[in-house]
Amino acid sequence: MSETSGGKTAKEKVMISSYTILIAITLLVGLATIVLAQFVPGVTAASVSDILASPVLGFLDGIEVSLFLLILGGCLGIINKLGALDAGIAALVRRLHGRETVLIAVIMAIFALLGSTYGFCEETIPFYGLLAATMFAAGFDTMVAAATVLLGAGVGCLGSTVNPFACGVATDSLASVGIEVNQGIVIALGAILTVVSYAISLFFILRYANRVRRDKGSTILSLQERHAAEEAYGDGAASAADGPAALEFTAKRKVALALFGVSFVIMICGFIPWADFGVDIFTAGGVYDEAAEAWTVMPWSGLLTGNPLGEWYFNDASIWFFLMAIVIGVFGGLRENEIVDGFLDGAADMIGVALMVGLSRAISILMGQTGLDMVILDSASTALEGTSALAFGPISYLVYLGLSVVITSTSALATISMPILGPLAANLGFAPEVVITIFCAANGLANLFSPTAVFLPGLLLARVQYPTWLKWALVPIIAIAVASVVVCTGALLVL
């Protein structure tokens, strides 16, 4: 309860949760298919069971991600049991005192590089909680952490250079219809978009971060969100203060945190497709059977998870962090029951985040079941026929933006759309490399705001509600979109 100027009390405003928003959107999509099926060929009306089952099917579709988050939460629970994270954050904040903004710029640059080269997006979810604790202790709010991770990885994805899930699949899809692509042009255009979008994002984040650090009352977070952030990360903020109250960064805590950091580095190495870059060190000693599409002799780096580094997905990451949770607990000197309790406590904290994965996928599953996604794609390609470069650039960008909300898989969208829009662009005399860049730019922007994107679990970890994120990110997203359209349309005119 809060007190008004007249002395009366007023109820604290409670925001609608991200869960409710996603459920409402799913219901609206289901109702829309029922209406559209009456007069739009190709759209099948969703049944009541289709609508009710879509969140469950979404959860099953994303079970690998959800399980990974639970196991990662368990590993974090053991780290918290040791007090290693709070002590490490306290030491980092003291070391960076007065230079905290450098940390924001560096982390954003790393995520942008990973996003551009690999499409590092879903994999950023664990970093929201880690960075939220760090930023909170440094005197910022958790919105700064969420924006640093989301915009950092997001601008990299929208400026994809050699991202195999975007550029690679799009190039292969165009090749399947006889259109050759110059990879050098794709890389150059992607790099330009990444740099431009990174500069725009960094400007808005640093401006907000510095304002919040000077005046905590200027935060965009609601009172409800601030209470949640204080409850989750307040101890870390208190421990960051100089003096006897600060947590001591003991040798055991240093070892535990170092092992945790190495675990993340190895996970990232596992996700990067090294073979695409001609790196074979991680597959040394292995024998691969092309006919069976399996390793007959496992390379050295695949002995633990069954897949070598470079071929990992979330199942491999789950195995790795489950193993490292035990290793960290043992090296930290925890007893067996303390390791189990810490793991269960950490996993419990991730349950809500894991459920969010399923809800966020329910919408696209429902659209796919009813054919609404393909109807939207066919209508979009018809609208682009006969347009000039000045019109094709902005319109195709908007088309891909809408499609990216409907079809959440980047590779699936490229596979479905490129054989349709690629030849259309070629007939109009436009460079296919620019079409790939438009696809990546629009798809990457959708990752910054779409309720079907993968960032919602990350926002929950940072204690930031979806409506609050949209409120803060609206202007930066519009600025990035305008810059992207200008770059892509200019490329259409020049190439």
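Above this text sits the structure in question.
I will try to describe carefully the structure that is included in this document. (Residues numbered from 1 in each chain as written. Predicted model: local features only at pLDDT ≥ 70, side-chain atom pairs only at ≥ 80, totals over all residues. Heavy atoms only, no water.)

## Here we look at the overall build of the chain
This is how the line gets drawn: Strands are runs of DSSP state E lasting at least 2 residues, helices are runs of H or I lasting at least 4, and numbering of each runs from the N terminus. It is over C-alpha atoms that the radius of gyration is taken, and the globule rule equals 2.2 Å times the number of residues to the power 0.38. The classification of residues rests on relative accessible area computed with a 1.4 Å probe and restricted to protein chains. Under 20% of the type maximum is buried, over 50% is exposed, and intermediate values are partly exposed. Should any heavy atoms of two residues lie within 4.5 Å, those residues are considered in contact. Only the protein chains shown count as cover for residues, and all accessible areas are computed by the Shrake-Rupley method using a 1.4 Å probe. Positive charges are assigned to Lys and Arg, negative charges to Asp and Glu, while His and the chain termini are left out of the count. Just so you know, the charge point we use is NZ for Lys, CZ for Arg, CG for Asp and CD for Glu.
From N to C terminus, the chain includes 20 helices and four strands. Relative to the 2.2 N^0.38 estimate, which gives 23 Å for 495 residues, the radius of gyration of the chain is 24 Å and therefore close to what a compact globule would have. Along the longest, intermediate and shortest principal axes, the C-alpha atoms of the chain span 75 × 70 × 50 Å. Evaluated residue by residue, the chain yields a buried proportion of 53% over its 495 residues. Long-range contacts, defined here as pairs at least 24 residues apart, represent 81% of the contacts in the chain between residues at least 6 apart. When the accessible surface of the chain is totalled, it reaches about 21000 Å², and 66% of it is carbon and sulfur. Both charge centroids of the chain, one from 20 positive and one from 35 negative side chains, sit 19 Å from each other.

## Observations concerning the packing of aromatic side chains
Short version of the rule: To pair, rings of Phe, Tyr and Trp, with the six-membered ring standing in for Trp, must have centres within 6.5 Å; the planes then decide the type, stacked if under 30 degrees apart, edge-to-face if over 60, and tilted in the middle.
Per the stated rule, a full pass over the model turns up 13 aromatic pairs. Ring geometry for Y288 and W295: centres 5.1 Å apart, planes at 70°, overall edge-to-face. Summarising the aromatic geometry, the rings of F322 and F343 are spaced 5.9 Å apart at their centres and angled 90° between planes, so their arrangement reads as edge-to-face. Taken together, the positions of F322 in helix α12 (residues 314-331) and F343 in helix α13 (residues 336-349) put the pair 21 residues apart, joining distant regions of the chain. What makes F343 buried here is its relative accessible area of 17%. Through pairs of rings, three or more aromatic residues link up here, namely F68, F260 and F321.

## Focus on the pattern of salt bridges
Inclusion rule: The salt bridge criterion pairs a side-chain nitrogen of Lys or Arg with a carboxyl oxygen of Asp or Glu, the two atoms within 4 Å.
A full pass over the atoms with the stated rule returns one salt bridge. The salt bridge involving E338 is made with R335; its shortest N-O contact spans 3.4 Å. Taking relative accessible area as the criterion, R335 reaches 53% and is therefore assigned exposed.

## Here we look at the environment of V155
Within the secondary structure, V155 is located in helix α7 (residues 142-158). Distance from V155 to A46, taken between C-alpha atoms, is 35 Å for residues 109 residues apart in sequence. Discounting chain neighbours no more than four positions away, the residues touching V155 are A112, T194, S197, Y198, S201 and I480.

## Notes on the nonpolar core
As a reminder, the rule being used: Grouping buried Ala, Val, Leu, Ile, Met, Phe, Trp, Tyr and Cys residues that are joined through side-chain atoms within 4.5 Å yields what is termed a nonpolar core.
Among the nonpolar cores identified, the biggest contains 154 residues, and F260, F321 and W469 are the most heavily contacted of them. Not counting residues within four places of it along the chain, the set of residues in contact with F321 comprises F68, I71, L72, C75, F260, S263, F264 and M267.

## Observations regarding the state of the cysteines
As a reminder of what qualifies: In what follows, a disulfide is any cysteine sulfur pair within 2.5 Å.
In the structure shown here, the tally under the stated rule is zero disulfides. No disulfide involves C269; its nearest neighbouring cysteine sulfur is the one of C75, lying 17 Å away. The exposure class assigned to C269 is partly exposed, which follows from its relative accessible area of 22%.

## Comments concerning α12
Turn by turn, an α-helix covers 3.6 residues, leaving residues three or four places apart pointing in a common direction. For clarity, the threshold we go by: One less than the residue count of a helix, multiplied by 1.5 Å, gives the span that helix is expected to have.
Over its 18 residues, α12 extends 25 Å from the first C-alpha to the last, a length consistent with the 26 Å expected when each residue adds 1.5 Å. For α12, the full list of buried residues reads F314, D316, A317, S318, W320, F321, M324, A325, I328 and G329. On its buried face, α12 is in contact with α3 (63-82), α11 (251-271) and α13. A positive phi of about 80° marks G333, the residue just after α12.

## Some remarks on the pairing of strand β4 (residues 294-297)
Along a regular strand, successive side chains alternate from one face of the sheet to the other. Where we set the bar: Two strands pair under a simple rule: DSSP has to find at least two bridges between them.
In terms of strand pairing, strand β3 (residues 287-289) meets β4 through three bridges, oriented antiparallel. Paired with D289 across the bridge in β4 is A294. Taking the residues between adjacent antiparallel strands as the criterion, β3 and β4 are bridged by four residues, where E293 takes a positive phi near 50°.

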